[in-house]
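Spelled out, the chains give:
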Amino acid sequence: YCVMLYADSRGNTTVTNSLLAEMISNMQNIEAGKTFIVSALLPDKWPTLTRNVKMTLAKQLAINVRNNPDFSAYKVTKGKTTVYIRNK
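Here goes a summary of the coordinates provided. Bear in mind the structure is a predicted one, so any value in this text is a computation, not a measurement.

### Describing the packing of helix α2 (residues 15-28) against helix α3 (residues 51-66)
Pairs of packed helices are described in terms of their axes, by the angle between the two and the distance that separates them.
Here's step 1: Close contact between α2 and α3 brings their axes to 10 Å; oriented N to C, the two are set at 45°. In terms of their interaxial angle, α2 and α3 are classed as oblique. α3 is crossed by α2, and the crossing has right-handed handedness. Contacts between α2 and α3 involve T16, L19, L20, M23, I24 and M27 on the former and, on the latter, V53, T56, L57, Q60, L61, N64 and V65.
Here's step 2: Partitioned by chemical class, the residues of the contact of α2 with α3 number 9 nonpolar, 4 polar and no charged.

In structure tokens:
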């Protein structure tokens, strides 16, 4: 944890940070009314990611959707992949 904080303070970014930025950028390109899941935002890279990174990205996406009125959760089932929708 301390190493990550140190790297972040030096202006270095982690792989997860760059993936998160790419994911959010791809999310903005989704058309209004279309549904999507987290793996659809990084289709080429998703199969190569570890479970830990996938879970981190999924949680960050959920936070982003909650804080952005243009998006919302479309279908939430406990233990399953959450489906999101672009409202505007």
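### Some words on α2
Here's step 1: With 14 residues, α2 extends 20 Å between its outermost C-alpha atoms, agreeing within 8% with the 20 Å of an ideal straight helix rising 1.5 Å per residue.
Here's step 2: Taken residue by residue, α2 has L19, L20, M23, I24 and M27 as its buried positions. Taken end-on, α2 shows its buried residues confined to a sector of 135°, consistent with a single buried face.
Here's step 3: Here the buried face of α2 lies against β1 (35-36), α3, β2 (71-75) and β3 (83-86).

### A short note on the nonpolar core
Here's step 1: Ranked by internal contacts, the top residues of the largest apolar core, which has 18 residues, are M23, M27, F36, L41, L57 and L61.
Here's step 2: Listed by contribution, the elements that provide at least two residues to this core are α2 and α3.
Here's step 3: Here this core gets 5 residues from one element, more than from any other, and that element is α2.
Here's step 4: Not counting chain neighbours up to four residues away, the residues in contact with F36 comprise M27, I30, L41, L61, F71, T82, V83, Y84, I85 and R86.

The rules behind the values
Residues numbered from 1 in each chain as written. Predicted model: local features only at pLDDT ≥ 70, side-chain atom pairs only at ≥ 80, totals over all residues. Heavy atoms only, no water. Axes fitted to C-alpha atoms, helices over the stretch in contact; angles between N-to-C directions. Helix = DSSP H or I, 4+ residues; strand = E, 2+ residues; numbered from the N terminus. Parallel < 35°, antiparallel > 145°, perpendicular 65-115°, else oblique. Left-handed = near helix turned anticlockwise from the far one by under 90°. Contact = heavy atoms within 4.5 Å. Nonpolar A, V, L, I, M, F, W, Y, C, P; charged D, E, K, R; others polar. Expected span 1.5 Å × (residues − 1). Buried < 20%, exposed > 50% of the residue type's maximum accessible area, 1.4 Å probe, protein only. Arc of directions from axis to C-beta. Core = buried A, V, L, I, M, F, W, Y, C linked by side-chain atoms within 4.5 Å.

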